[in-house]
Amino acid sequence: MRKLWYPISIVLITLGSLNAQTDSKERQAIIATLKNETRYFCERDLKQWQAQWSRQPYVSKMYAGNTKFEEFSGWEAIRQFTVKHIAENPEPIPIPETLFNYEIYVSGKTAWVFYSKMVNGTLVKENRFMVMENGHWKIARMQTIF
């Protein structure tokens, strides 16, 4: 058991120090990207929504629930899914309220973000992997669990 505790404690200490190093300006920039991505998706503004995402080949998106699992790998798959979704549901929708503080862990030009929100009365957990591109934080991985 002692052998497992050491690696786990190193990971926890590292994540804690990464979070402590996230300055408020960087934190605000990451949160702004996340809020803008959600806002533009809800407003059905495809052009602005796309601007929040990285276009690298490794980007991915995943939705998982009790009876549903969808995953999209690569920018074009994510974009096509969203274009189709907006075409089928063109009316703007309310922006979900974020319930909990964001947990943000930055390491160089990458960051992990964890948070929760309510969507139609259901608690939704999200995590995002962010990358810094040309001085702006972009989403590279989105996982939504409902």
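Relevant structure appears above.
For every chain, the first residue of the written sequence is number 1, and numbering continues from 1 onward in sequence order. The model is predicted, so local features are restricted to residues of pLDDT at least 70 and side-chain atom pairs to those at 80 or more, both for listing and for counting; the totals for chains, interfaces and linings are taken over all residues. Excluded from the side-chain calculation are hydrogens and water; included are all heavy atoms of the structure.

**Student:** Looking at this structure, I do not really get the pattern of salt bridges. What am I missing?
**Tutor:** Two side chains of opposite charge can pair, provided their charged atoms sit close to one another. Within this document, salt bridges are pairs made up of a side-chain nitrogen of Lys or Arg and a carboxyl oxygen of Asp or Glu, the two lying within 4 Å of each other. Within this structure, the stated rule accounts for eight salt bridges. Between Arg79 and Glu76 there is a salt bridge, with its nearest N and O atoms 2.9 Å apart. With Arg79 and Glu76 both in helix α4 (residues 75–88) and three residues apart, the pair spans about one turn of that helix. Two residues, Glu126 and Arg128, come together in a salt bridge whose shortest N-O distance is 2.6 Å. An identical accessibility class is assigned to Glu126 and Arg128; each is buried. Each helix corresponds to a stretch of at least 4 residues labelled H or I by DSSP, and each strand to a stretch of at least 2 residues labelled E; elements are numbered beginning at the N terminus. Only protein chains enter the accessibility calculation, which uses a 1.4 Å probe. A residue is then buried if its area is under 20% of the maximum for its type, exposed if over 50%, and partly exposed in between.

**Student:** Hey, could you run me through the layout of surface pockets in this one?
**Tutor:** The method is simple in principle: a probe with the dimensions of a water molecule rolls over the atoms, and the space it marks as empty is what remains. By volume, the largest pocket amounts to about 710 Å³. Of the grid points, spaced at 1 Å and generated over the protein atoms alone, those admitting a 1.4 Å probe that cannot get out make up cavities, while open sets with protein on both sides within 12 Å along at least five of seven lines make up pockets; any residue with an atom within 4 Å of a point is treated as lining. Together, 25 residues line the largest pocket, and Phe41, Tyr63, Ile93, Pro96 and Val119 are the ones closest to its centre. We call Asp, Glu, Lys and Arg charged. Ala, Val, Leu, Ile, Met, Phe, Trp, Tyr, Cys and Pro are nonpolar, and the rest, Gly among them, are polar. Residue classes in the lining of the largest pocket are distributed as 12 nonpolar, five polar and eight charged. Surrounding the second largest pocket, 13 residues form its lining, Ala29, Thr33, Gly135, His136 and Trp137 being those nearest its centre. Counting residues per element, the ones that place at least two in the lining of the second largest pocket are α2 (24–43) and β7 (136–145). A total of six residues in the lining of the second largest pocket trace back to one element, the largest contributor, which is α2. Grid points are joined across faces, edges and corners, and a volume is the space filled by probe spheres set on the points.

**Student:** Whenever I open this one, α2 confuses me. Can you help?
**Tutor:** Every α-helix carries 3.6 residues per turn, so stepping three or four residues along brings you back to the same face. In a regular helix each residue adds 1.5 Å, so 20 residues correspond to 28 Å; α2 covers 27 Å between its end C-alpha atoms and thus fits that length. Along α2, the positions that sit buried rather than exposed are Ile30, Ile31, Thr33, Leu34, Glu37, Thr38, Tyr40, Phe41 and Cys42. Lining the buried residues of α2 we find α3 (46–50), α4, β4 (103–107), β5 (110–119), β6 (122–133) and β7. Note on α2: the residue one or two positions beyond its end, Arg44, has a positive phi of about 70 degrees. The length a helix should cover is 1.5 Å for every residue beyond the first. Residue contacts are counted whenever heavy atoms from the two residues lie within 4.5 Å of one another.

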